[in-house]
Amino acid sequence: MESKTILLVDDEIDILEFLSYNLKKEGFTVYTAQNGKDAIKTAKEHKPNVILLDVMMPEMDGIETCSELRNQPQVSESYIVFLTARNEDYSQIAGLESGADDYISKPIRPKVLISKINALFRRINKSQNHKFEGKIILKDVIIDKEKYIVTIKKVDISLPKKEFEILAVLASKPNKVFRREEIFAKVWSDNVIVGDRTIDVHIRKIREKTGLENIKTIKGIGYKYEEN
């Protein structure tokens, strides 16, 4: 993965030119694509740190493109952020469910965009400098924080990065209630703002993929990994 690289995906050429110009001025290396298929090809070739992806595109929309990108091992560590003018909850949830890390609403002001992108790279640097080490071993569950693999009853399960990190946070201290703000800080960092439904969506997907009944919702507070 090259340093400070961004892939912009939008079917409107004027938006690509506008965003590319402003990002390049700030020293980012920028690649562009006008459709989902080209985006996947470019992402696999250049392995960008961040992918800014429009939701509304012809043929293969942003949701489908994101899902396909998350199946590509070459971009497993890329952060995917949706660019969308649609503020409905269902659009945001669909984006997160397809594997996106965050979203930015249009219209986009250059200063706000640069601020958000810089926050993303601070998050990336923090993640690279403080990688998980070792394993968490619980009853029937092993969480390997070096290989990013969850083993449940001797069956390996691969989770996307954010889902894995949330599970690792909760399992690091069984029966402790983690407030939502604490999970945000540990997984996304304090200086990054994500949607209100982000954790809810990720928790639901962790439960679906792992079958774990240990993850409990503490209404109005947060979540815990319950172990008897």
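Residues numbered from 1 in each chain as written. Predicted model: local features only at pLDDT ≥ 70, side-chain atom pairs only at ≥ 80, totals over all residues. Heavy atoms only, no water.

J.: What is the right way to look at the layout of surface pockets in this model?
T.: In this approach the atoms are scanned with a rolling probe the size of a water molecule, which exposes any empty space left behind. Approximately 310 Å³ is the volume attributed to the second largest pocket. When grouped by side-chain class, the residues that make up the lining of the second largest pocket number four nonpolar, four polar and five charged. (1 Å grid on protein atoms, 1.4 Å probe; cavity = no way out; pocket = protein on both sides within 12 Å on 5 of 7 lines; lining within 4 Å. Points joined across faces, edges and corners; volume = space filled by probe spheres on them. Nonpolar A, V, L, I, M, F, W, Y, C, P; charged D, E, K, R; others polar.)

J.: What am I meant to see in the pattern of salt bridges here?
T.: For side chains bearing opposite charge, pairing can occur when the charged atoms are close. Counting across every chain of the model gives eight salt bridges. One salt bridge in this structure joins D54 and K106, with 3.0 Å as the shortest N-O distance. Note that D54 is positioned in strand β3 (residues 50-54) and K106 in the loop between β5 (102-105) and α5 (110-129), a separation of 52 residues in sequence. Of the charged contacts in the structure, one is a salt bridge between E226 and K224, with a shortest N-O distance of 3.4 Å. Exposure remark for E226: the relative accessible area of 28% places this residue in the partly exposed category. Linked through salt bridges whose partners overlap, the residues forming this network are D10, D54 and K106. (Salt bridge = Lys/Arg side-chain N within 4 Å of Asp/Glu carboxyl O. Helix = DSSP H or I, 4+ residues; strand = E, 2+ residues; numbered from the N terminus. Buried < 20%, exposed > 50% of the residue type's maximum accessible area, 1.4 Å probe, protein only.)

J.: I keep staring at the packing of helix α6 (residues 161-172) against helix α7 (residues 180-187) and nothing clicks. Help me out?
T.: How two helices pack is summed up by the angle between their axes together with the distance between the axes. As a packed pair, α6 and α7 sit with axes 10 Å apart at the nearest point and diverge in direction by 125°. The angle between α6 and α7 falls in the class oblique. Considering the relative orientation of α6 and α7, their crossing is right-handed. In contact with K162, E165, I166, V169 and L170 of α6, α7 contributes I183, K186 and V187. (Axes fitted to C-alpha atoms, helices over the stretch in contact; angles between N-to-C directions. Parallel < 35°, antiparallel > 145°, perpendicular 65-115°, else oblique. Left-handed = near helix turned anticlockwise from the far one by under 90°. Contact = heavy atoms within 4.5 Å.)

J.: Got a minute to help me understand the sheet that holds strand β12 (residues 222-225) in this structure?
T.: The strands making up a sheet associate through backbone hydrogen bonding, with each pair oriented either parallel or antiparallel. Here we have three strands laid out as an open sheet, ordered β10-β12-β11, and antiparallel in their pairing. The sheet is open, and its two edges are formed by β10 (178-179) and β11 (215-218), each paired on a single side. With two bridges joining them, β10 and β12 adopt antiparallel strand pairing. From the neighbouring strand, F178 faces β12, where its bridge partner is Y223. Across the sheet, α6 touches β10, β11 and β12, and the angle it forms with β12 is around 70°. (Pairing = 2+ DSSP bridges.)

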